[in-house]
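Topology and contacts: notes
Listed below, chain by chain, are the residues.
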Amino acid sequence: MKLKQMAAIIVIAYGVLAVLPMFVGDIPYIMNILIMCLIWAVVASSWDVIMGFAGIFSFGQVAFFVMGAYCSAILAINFHIPPVFTIIIAGFFTAGMGVLVGLPCLKLAGPYVALVTFGVHMALQPLLKGQIGIALGSGGALGLLAIPPISIFGYTFGTDNIVPTFYLILVISMACALTIMAMVKSYWGLAFLALKDSQPFATSLGISAFKYKLMVFAVTSFLTGIIGGVYGHFYGVLSVRMLDLDLFSILMVMILAGGLGHFPGAIIGSFLVVAASELMAPLGVYRAVTMGAIVVVLVLALPDGVMGVFSKRLNNHAQKA
Amino acid sequence: MLKLSNVTKRFGALIAVNNLSFEVSQGQVFGIAGPNGAGKSTVYNLITGFYDFEGSIRFDGKEISGMKPHQIAQLGISRTFQIPQTFPSLTVEQSLEVGNRFGNRAKHDARRIERIIDFVELQSERHEFTGTLNLLGKKKLMIGAALATDPKILMLDEPMAGSNAHEIKALMELIQRMNQELGITIIIIEHFMKVLTELTETLLIIETGTEICCGDPEVVTSDPRVIECYLGGDDD
Ligand SMILES: Nc1ncnc2c1ncn2[C@@H]1O[C@H](COP(=O)(O)OP(=O)(O)OP(=O)(O)O)[C@@H](O)[C@H]1O
Ligand SMILES: [Mg+2]
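Note that residues are indexed from 1 along each chain, following the sequence as it is written. Labels follow written order: the first chain is A, the first ligand is 1, and so on. The predicted nature of this model means local features are confined to residues of pLDDT at least 70 and side-chain atom pairs, given and counted, to a pLDDT of 80 or more, with totals for whole chains, interfaces and linings taken over all residues. With hydrogens and water stripped out, all remaining heavy atoms of the structure feed into the side-chain values.

**Concerning the overall build of chain A**
Labels follow the DSSP assignment, with helices taken as runs of H or I lasting at least four residues and strands as runs of E lasting at least two, numbered in each case from the N terminus. Within chain A, the regular secondary structure consists of 15 helices and two strands. Radius of gyration (C-alpha) of chain A: 19 Å, near the 20 Å computed for a compact globule of 321 residues. By its C-alpha atoms, chain A is 55 × 45 × 45 Å across when sized along the principal axes. Relative accessible area decides the class of each residue, using a 1.4 Å probe on protein chains only: under 20% of the type maximum gives buried, over 50% gives exposed, and in between gives partly exposed. Out of the 321 residues in chain A, the part that is buried amounts to 52%. Accessibility throughout is a Shrake-Rupley quantity obtained with a 1.4 Å probe, and a residue counts as covered only by protein chains that appear here. A total of about 14,200 Å² of accessible surface is found on chain A, and carbon and sulfur atoms cover 73% of it. Positive and negative charge centroids in chain A, built from 13 and 8 side chains respectively, lie 15 Å apart. Our radius of gyration is a C-alpha quantity, and the globule rule it is checked against amounts to 2.2 Å times the number of residues to the power 0.38. The charge count includes Lys and Arg as positive and Asp and Glu as negative, but it does not include His or the ends of the chains. Throughout, a charge is located at the NZ atom of Lys, the CZ atom of Arg, the CG atom of Asp or the CD atom of Glu.

**Some thoughts on the sheet that holds strand β4 (residues 54-59) of chain B**
Residues and elements named next belong to chain B. As summarised here, the arrangement of the four strands in space is β2-β1-β4-β5, forming an open sheet in which the pairing is antiparallel. Strands with a single pairing partner mark the edges of an open sheet, and in this sheet they are β2 (14-24) and β5 (62-63). Bridge count between β4 and β5: two bridges; the pairing is antiparallel. Its bridge partner lying in β5, F59 is registered against K62. It only takes one pair of heavy atoms within 4.5 Å for two residues to be counted as in contact. With axes taken as lines fitted to C-alpha atoms, and helix axes fitted only over the stretch in contact, angles between N-to-C directions fall between 0 and 180 degrees. Relative to strand β1 (residues 2-11), helix α1 (residues 40-47) is tilted by about 110°, and along the sheet it contacts β1, β2 and β4. A strand pair is defined by DSSP finding two or more bridges across the two strands.

**Some points on the site of ligand 1**
Residues and elements named next belong to chain B. Whether a residue is near a molecule or strand depends on its heavy atoms: it is near if one of them lies within 4 Å of it. The immediate surroundings of ligand 1 are formed by 14 residues, with G37, K40, S41, T42 and Q82 found nearest. Pairing of N or O atoms within 3.5 Å defines a polar contact, subject to two protein rules: one partner must be a possible hydrogen donor and the other a possible acceptor, and residues neighboring in sequence count only if both atoms are side-chain atoms. G37 has a polar backbone atom sitting 2.9 Å from an oxygen atom of ligand 1. One of the side-chain nitrogen or oxygen atoms of H191 is found 3.3 Å away from an oxygen atom of ligand 1. In the complex, the protein chains occlude 64% of the 640 Å² of accessible area that ligand 1 would expose alone. The element best represented in the shell around ligand 1 is α1, accounting for three residues. Across the shell around ligand 1, the residue classes tally to five nonpolar, seven polar and two charged. Each residue gets one label: Ala, Val, Leu, Ile, Met, Phe, Trp, Tyr, Cys and Pro are nonpolar, Asp, Glu, Lys and Arg are charged, and the others, such as Gly, are polar.

**Looking at the sheet that holds strand β3 (residues 29-33) of chain B**
Residue and element names in this part refer to chain B. Spatial ordering of the open sheet is given by β6-β7-β8-β3-β9-β10, a layout of six strands whose pairing is mixed. Taken across any chain shown, the strands that pair with only one partner, and hence form the sheet edges, are β6 (77-79) and β10 (210-215). Pairs of neighbouring strands in the sheet enclose a mean axial angle of 15°, with direction left out of account. Pairing geometry for strand β9 (residues 202-207) and β10, over five bridges, is antiparallel. Bridging from a neighbouring strand, E207 pairs with T210 of β10. Contacting β6 and β7 (153-157), helix α5 (residues 135-148) crosses the sheet at an angle of about 160° to β7.

**Here's the deal with helix α6 (residues 165-180) of chain B**
Residue and element names in this part refer to chain B. For α6, spanning 16 residues, the distance from its first C-alpha to its last is 22 Å, which sits close to the expected 22 Å at 1.5 Å a residue. Those residues of α6 that fall on the buried side of the exposure criterion are E167, I168, L171, M172, L174, I175, M178 and N179. End-on view of α6: buried residues confined to an arc of 160°, all on one side of the axis. The outward face of α6, more than 90 degrees from its buried face, is lined by the exposed residues A165, H166, K169 and Q180. Structurally, α6 contributes buried residues whose contacts are with β3, α4 (110-119), α5, β7, β8 (185-189) and α7 (193-199). Between a side-chain oxygen at the N-terminus of α6 and the backbone nitrogen of H166 the separation is 3.1 Å; the capping residue is N164. Given the number of residues in a helix, its expected span is that number minus one, multiplied by 1.5 Å. The directions from the helix axis to the C-beta atoms are what the arc is built from.

Okay, here's the thing in structure tokens:
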């Protein structure tokens, strides 16, 4: 997909979301859902970049999100650092953790990378709940209950003024999406794809596998950490229950719906899945089953997700032109 | 230019390359032959940094053992693979861009890619994804991508395998042009003796990782030890 097409899809997707508050701005429940769309869009598309685009089967994405959220919240609560700064610090902290997790993965084949990274996910919950977590200020099993909201020049972005908060998070989310776009379309993106397709061929042409694989970990976990921080300050509460498999699997569904490795598909996938999940709320306990069934159908019918349909259209169009 | 001294590679108990020494000088076309499993591809993998080994490999006087594949590529040693490698997610043009962008320190130069596409004759496939190329196309792609790194040495691993007479002729011409017009030193692994005697100035024969003989291809191919090793090992 061309850079222009990619940019157009991103702008349209965020544009559609941006006009919605005109109609539903006074319904906090729906505004909340829209903000979740913006947040999951970043988590899902960073995950898609490392897993689908770069072909590194990292299952540590939710763990990085939680690390970013806790890092930013703990710094803001315990050290009274303004959230604007703690969010940035959380980004760098999570990027560092990403590199640490990435290092042992360099020598491993696909399935083992999945195991190692999922191990990190599994270890995080007991760590945050236990003595170490409590010493670090995680709040243990109870979690964090009074995370200060983002505040810029004395103006507080919280649930009380949800429309401005929505636009702030929209700007952050879109900035993350554009960063991803710039990356996958740059020569870094070329290196990621070449390494995914044939590491021997890629390295024989001068690409450092070490450098570029760690770069994927660093950048995707940086963005995930940032948006994790934003999430915590918006919600005001955090708990280790985020590490249960619900979030993990719904993010996976978002990526599949958008099209694995078809950025910016994951952004659209996130918007659609959040909406679908809310629409199915009346189904109660049958919601998860229905969602599962839809996923199966989706994967069989549209293996490249929404984006697969899009790019086919665009290609046909280009060939006719 | 490229000098291997007492190079040994073990895979567990198996000695794939056994105390091998040879030297390739600038501007040469240097051939390597030997029966299946003789260790030819392994020699390439050692030179290009894919495995560690015992002994020494020097390029332009510089020891390259311990260096990573991408660093060796950036020094000017390039290669193709016996099992054709492609980037299915990338087009022909983008694959050459990989070599051009990462393989040499100089900046991206679109005109160079242009020249190479013409040189290896991939003009009509330039926007195709490389996974869809036919065998000859894949080989030309590997050579083109390697050329895009602006190599001093190009090492070809059985470039003729699976090709018909017509394609072999075209590939031989391409190799000669790379050597003469672009001034690139060539090392070639090949099973076709005719190709080797026609192309190379020096021919090295190895068997079970050990040198059998090395020298003028006409002399080497009539050496009784070589004939015996080929008759003895020729069971496929
Ligand atoms: N990564 C590896 N691990 C273990 N053994 C290996 C490895 N690579 C090569 N070998 C063994 O080393 C020996 C030499 O293999 P190599 O591929 O270098 O032979 P070759 O001369 O290129 O043969 P061919 O003509 O079939 O390509 C073989 O016995 C092979 O099985
Ligand atoms: Mg071989």
